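Tertiary structure, described
Letter by letter, the chains look like this.
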Amino acid sequence: MAPQHALLLLVIVANAVDGQQHQLMEYMERRLAVLEERITQWHDQSSRYSTELRDFKNKVLSMLESVEKDRETLRSEVENTAVRVDRLEREVDYLETQNPAPPCVEVDDKLMENQVANAKMRKNEKYDKMTDCSDTVSQVKAMKILKRFGSTAGLWTKDPVGNSEKIYVFDGTSNDTVYVFPRMREFTLFSATRKAARIKLPYPWVGTGHLVYGGHLYYIRRHGTFQVIKFSLANKTIVDSSVFPAEEQIPVFGLSSYNYIDLVADEEGIWAIYATQENERNIELAKLDPATLDIEQMWDTPCPRENAESAFVICGALYVVYNTRLPSRSRIQCVFDVSGSMANEDAPLVYFPKRYGSHSSMKYNPKERQIYAWDDGYQLIYRMEMKKKTEV
């Protein structure tokens, strides 16, 4: 081949190669431009999404703060509502005690003289028992400390009639509000009174000698003379009241100067333990009619007032609990059986376990055969072991 022809061929091939490279470069540039455009779009979209996510996060945080504020406001409103409801319940209880108005007790001197005369006619007679109960205390079988609640002196009890599990608490020796817990569990577990209903009495009580019996509260009011008030727990009204027909009364227990009348219950019904100036050394006992509050019969007992701290009745027998002015072990040291089937010297000397001080109240529950006691602010239960009187 001629040199001219070879040179021409080489030039043609070089031009072809340069054209292909140029096309390749143009193709690469176009692809890179498309890729750069897509990267720019992705970057723009990512920035927009980040901005939207940040705005959404800020909006959620703002909503959460608002929800938290609303929750605090709602909680405050609920607490205020609970306080208002509690206040309303107390006001309703108070209004219920005021409507209808409690009866005014006007004492007819002639009627009272006749009542005293009739009771004294049967004084110290042998009692005609209504039941066949013939048990007497053998010993304290067990003791349980429930809790510490309220003042050093007070009373807690249950209704021995019926199936109610309510616990009634009288805090102090002078007050007008009774706490009612629905069951023993609520009274034991909660230290505050927020779990308790409140009964505001029309008149304040005095002492710790009160009684819940058959759906009624029997409590002592001091208004010049001493009155026994019968208060309906269902209707929150006074059903009846009576001036206790005993002149010149004095504290019934030498170690409990605030108690002038101690109302108790046993298998036979309701009894009143009291003392008078006429027979100031010894304790006296009376059987009450729970329906009319009339005194059915009265007895002089041989049990001295000195160093006595409390008392209760079981199967028609009065058990007086004694202590010392410097509190020691409480003990049953005097027993008076109204039926005459057991003499005081035949009764065993029973000791209670030494605890904190002395008992301000001891309420025997004939259905449960145990005593609800208040000892220096502690609430105790004594379970009693019994024997037949013939076995003593």
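Refer to the preceding data block for the structure.
Cut-offs applied
Residues numbered from 1 in each chain as written. Predicted model: local features only at pLDDT ≥ 70, side-chain atom pairs only at ≥ 80, totals over all residues. Heavy atoms only, no water. Pairing = 2+ DSSP bridges. Helix = DSSP H or I, 4+ residues; strand = E, 2+ residues; numbered from the N terminus. Axes fitted to C-alpha atoms, helices over the stretch in contact; angles between N-to-C directions. Disulfide = S-S within 2.5 Å. Buried < 20%, exposed > 50% of the residue type's maximum accessible area, 1.4 Å probe, protein only. Core = buried A, V, L, I, M, F, W, Y, C linked by side-chain atoms within 4.5 Å. Contact = heavy atoms within 4.5 Å.

Quick notes on the sheet that holds strand E12 (residues 282-288)
Pairing within the open sheet is antiparallel, and its four strands lie in the order E10-E11-E12-E13. Edge positions in the sheet fall to strand E10 (261-266) and strand E13 (295-304), since each has one partner strand and no second. Neighbouring strand axes in the sheet, compared pairwise and without regard to direction, differ in orientation by 25 degrees on average. The pairing of E10 with strand E11 (residues 269-274) spans six bridges and is classified as antiparallel.

A few points about the state of the cysteines
Within this structure, the stated rule accounts for two disulfides. Through a disulfide, Cys303 is tied to Cys334; the S-S separation comes to 2.1 Å. One quick way to see it: the torsion about the S-S bond of Cys303 and Cys334 is about -80 degrees, and its sign makes the bridge left-handed. Highlighted residues: Cys303 in strand E13 and Cys334 in strand E16 (residues 331-337), separated in sequence by 31 residues. The exposure classification of Cys303 matches that of Cys334, with both residues buried. With its bonded cysteines labelled in order along the sequence, the protein shows the pairing 1-3, 2-4.

Quick look at unusual backbone geometry
A positive phi angle is found at Asn307, which is not glycine, with a value near 65 degrees. Along the polypeptide, Asn307 turns up in the loop between E13 and strand E14 (308-314). Taking relative accessible area as the criterion, Asn307 reaches 25% and is therefore assigned partly exposed. Even without a glycine there, the phi angle at Asp376 is positive, about 55 degrees. Turning to its location among the elements, Asp376 is positioned in the loop between strand E19 (370-375) and strand E20 (378-388).

With respect to the nonpolar core
Counting residues in each nonpolar core, the largest one holds 24 residues, and the members touching the most others are Val137, Phe312, Tyr319, Ile332, Phe352 and Tyr382. Counting residues per element, the ones that place at least two in this core are strand E1 (135-148), E14, strand E15 (317-322), E16, strand E18 (359-365), E19 and E20. Of the residues forming this core, the biggest block, five residues, is contributed by E20. Sequence-distant contacts of Phe312, that is, excluding residues within four places in its chain, are made with Val137, Val264, Ile273, Ala317, Leu318, Tyr319, Val321, Ile332, Phe352, Met362, Tyr364 and Ile371.

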